[in-house]
Amino acid sequence: MIISEGKIRIEVPEFQKITSKNRVFYNPEMRMDRDLSSLILSFFKGVVLDGLSATGVRGIRYVKESGLDSIFNDINPEAVKLIEKNCEMNGVRGEIHNRDFNLLDLRADIVDIDPFGSPSRYLTSAFRIVKPEGVLCVTATDTQALCVSKKACIRKYSAIPLKTDFFRELGVRILISSILREGMKQDYSVDVILAYAHKHYMRVFLRVKKSLTAMEKNIEDLSIVYYCGCGYRTYSKELIQRCPFCGRKISFSVPVWTGKIKNDSFLDRIMKRDISSDLRKKMTIIKNEIDTPFYYDIHKLAKLYKFDLKKIDSVIDDLREIGFKASRTHFSQTGIKTDADLSSLLKIFV
Ligand SMILES: C[S@@+](CC[C@H](N)C(=O)[O-])C[C@H]1O[C@@H](n2cnc3c(N)ncnc32)[C@H](O)[C@@H]1O
């Protein structure tokens with residue numbers, strides 16, 4: 001069947017259910033991500049490798065909407081046939097490869113990896129392929145591994161996750177930590193353009209460069225994250241055994257990226273563009289979100305401390321009134337980001 005997405009039309013296989021078993025994969029639910037990717041990449045120049053192309057939808061949109069040249073690749077020969085057809089239908093020319101991503105022998109200014117599940121097996125090659133001063137775009141849909149499943153997270157991301165009320169943000173930050181640690185093995189530092197979670201996936205856009213000074217700075221942004229059942233959370237490079245708030249044994253997640261997860265001036269430029277109302281809604285929340293780890297889930301705190309819920313916006317106003325920074329967060333509709341400590345936050349409710 002033929003569908004329209006952004007400025008292009010492509011053929012996608014008929015499907016009853018979205019599954020990796022489909023002849024060639026296409027997920028309409030990722031459309032907003034493709035809209036955003038195409039928008040972000042329009043601020044860059046050069047050649048983008050759509051490394052796991054499936055129908056070719058991303059790479060074709062990058063040519064037609066972002067002004068880039070695309071290289072396509074997919075291990076599935078059926079996908080390659082469809083990419084060829086879709087390129088032709090949209091008047092797009094580009095190299096099309098039918099290889100295992102990890103065996104590609106080429107370089108690109110921008111590398112996009114959008115796999116089934118975890119991107120971990122492709123990261124070494126992504127850094128081998130991307131040029132210095134380039135951009136990496138990485139999707140992860142194995143949110144279970146990034147957020148809660150200890151063994152899977154250790155296997156795939158060499159990190160220890162933790163069940164917290166801010167698990168979506170922690171997952172995104174573990175993903176960045178893992179990409180950074182992979183990049184540093186090839187002398188790459190990272191600079192986060194934007195990292196976010198939406199529905200079933202997480203997505204990270206990074207500028208990468210070969211710089212020892214920048215890498216050393218990146219290392220300062222890797223921390224141990226502590227969390228206690230009483231709601232207390234902090235991050236540090238030091239070892240902490242007991243929760244400073246309630247005195248119980250405290251749990252941890254490590255190594256976690258605690259640096260910035262968005263570049264505000266870049267987002268300002270994005271917001272000036274003509275974008276769909278759905279995307280604008282999402283981006284407005286992200287743009288207004290304070291970049292302080294980690295959000296509090298107000299519903300969970302209310303249950304724990306047995307207080308009556310207040311409207312999120314009024315809690316934010318109250319926190320601001322007493323001098324703290326506070327905002328909503330795109331990670332959760334019941335979440336609040338603030339630089340207030342737990343006891344100051346609880347005082348708002350009593
Ligand atoms: C989630 S789909 C990509 C979806 C596509 N980027 C989009 O936006 O619609 C993942 C694709 O990776 C391909 N793939 C899986 N393993 C691969 C490998 N080792 N090398 C190259 N392609 C691979 C699959 O055939 C599948 O088409």
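Values in this document were obtained by computation on a predicted structure and should not be read as measured data.

Criteria and cut-off values
- Residues numbered from 1 in each chain as written.
- Predicted model: local features only at pLDDT ≥ 70, side-chain atom pairs only at ≥ 80, totals over all residues.
- Heavy atoms only, no water.
- Phe/Tyr/Trp six-rings, centres within 6.5 Å; stacked < 30°, edge-to-face > 60°.
- Helix = DSSP H or I, 4+ residues; strand = E, 2+ residues; numbered from the N terminus.
- Buried < 20%, exposed > 50% of the residue type's maximum accessible area, 1.4 Å probe, protein only.
- Lys NZ or Arg CZ within 6 Å of the ring centre and 35° of its normal.
- Domains from an automatic or database assignment.
- Buried area = accessible area lost by both parts, 1.4 Å probe.
- Salt bridge = Lys/Arg side-chain N within 4 Å of Asp/Glu carboxyl O.
- Pairing = 2+ DSSP bridges.
- Contact = heavy atoms within 4.5 Å.
- Axes fitted to C-alpha atoms, helices over the stretch in contact; angles between N-to-C directions.
- Near = heavy atom within 4 Å.
- Polar contact = N/O pair within 3.5 Å; in protein donor to acceptor, adjacent residues only side chain to side chain.
- Nonpolar A, V, L, I, M, F, W, Y, C, P; charged D, E, K, R; others polar.

Caption draft 1: Geometry of the packing of aromatic side chains. Under the defined criterion, the tally for this structure stands at ten aromatic pairs. Seen from their ring centres, Phe127 and Tyr188 are 5.5 Å apart, and the 40° between their planes marks the pair as tilted. Highlighted residues: Phe127 in helix H4 (residues 123–129) and Tyr188 in strand S8 (residues 188–198), separated in sequence by 61 residues. Grouping residues by exposure puts Phe127 and Tyr188 together as buried. Over the ring of Phe294 we find Arg173; its NZ or CZ atom is 5.5 Å from the centre of that ring. Positioned above the aromatic ring of Tyr296, the side-chain terminus of Arg233 is 3.8 Å from the ring centre.

Caption draft 2: Looking closely at the environment of Lys347. By the element assignment, Lys347 lies in helix H13 (residues 342–347). In sequence terms Lys347 and Ile336 are eleven residues apart; their C-alpha atoms lie 15 Å from each other.

Caption draft 3: Focus on the domain arrangement of the protein chain. Per the domain assignment, the segments of the protein chain are domain 1 (2–284) and domain 2 (292–347). Between the C-alpha centres of domain 1 and domain 2 the distance comes to 28 Å. Summing the contributions of domain 1 and of domain 2, the shared interface buries around 1,600 Å²; its carbon and sulfur component is 65%. For the salt bridge of Lys337 with Glu169, the shortest nitrogen-to-oxygen distance reads 2.9 Å.

Caption draft 4: The sheet that holds strand S9 (residues 201–210), seen in detail. Spatially, seven strands are ordered S5-S4-S3-S6-S7-S9-S8 in an open sheet, and the strand pairing comes out mixed. For this open sheet the edge positions go to strand S5 (96–97) and S8, each flanked by a neighbour on one side alone. Looking at chain direction, S8 and S9 are connected through ten bridges and run antiparallel. Bridge assignment links Leu194 to a residue of S9, and that residue is Phe205. The strands that helix H2 (residues 57–66) touches are strand S3 (47–50), strand S4 (69–73), strand S6 (108–113) and S9; relative to S4, the one it contacts most, it runs at about 170°.

Caption draft 5: Representation of the site of the ligand. The environment of the ligand is made up of 18 residues, and the closest members are Leu52, Arg58, Asp74, Phe101 and Asp114. Interatomic distance of 3.1 Å between a backbone N/O atom of Leu52 and a nitrogen atom of the ligand. One of the side-chain nitrogen or oxygen atoms of Arg58 is found 2.8 Å away from an oxygen atom of the ligand. Per-class residue counts for the shell around the ligand are nine nonpolar, three polar and six charged.

Caption draft 6: Representation of unusual backbone geometry. In this model, Val254 is joined to Pro255 through a cis peptide bond whose omega is -10°. Look at the link from Pro293 to Phe294: it is a cis peptide, with omega at 0°. Checked against the element boundaries, Phe294 lands in the loop between helix H10 (277–288) and strand S13 (296–297). At Glu133, a residue that is not glycine, the phi angle is positive and equals roughly 70°.

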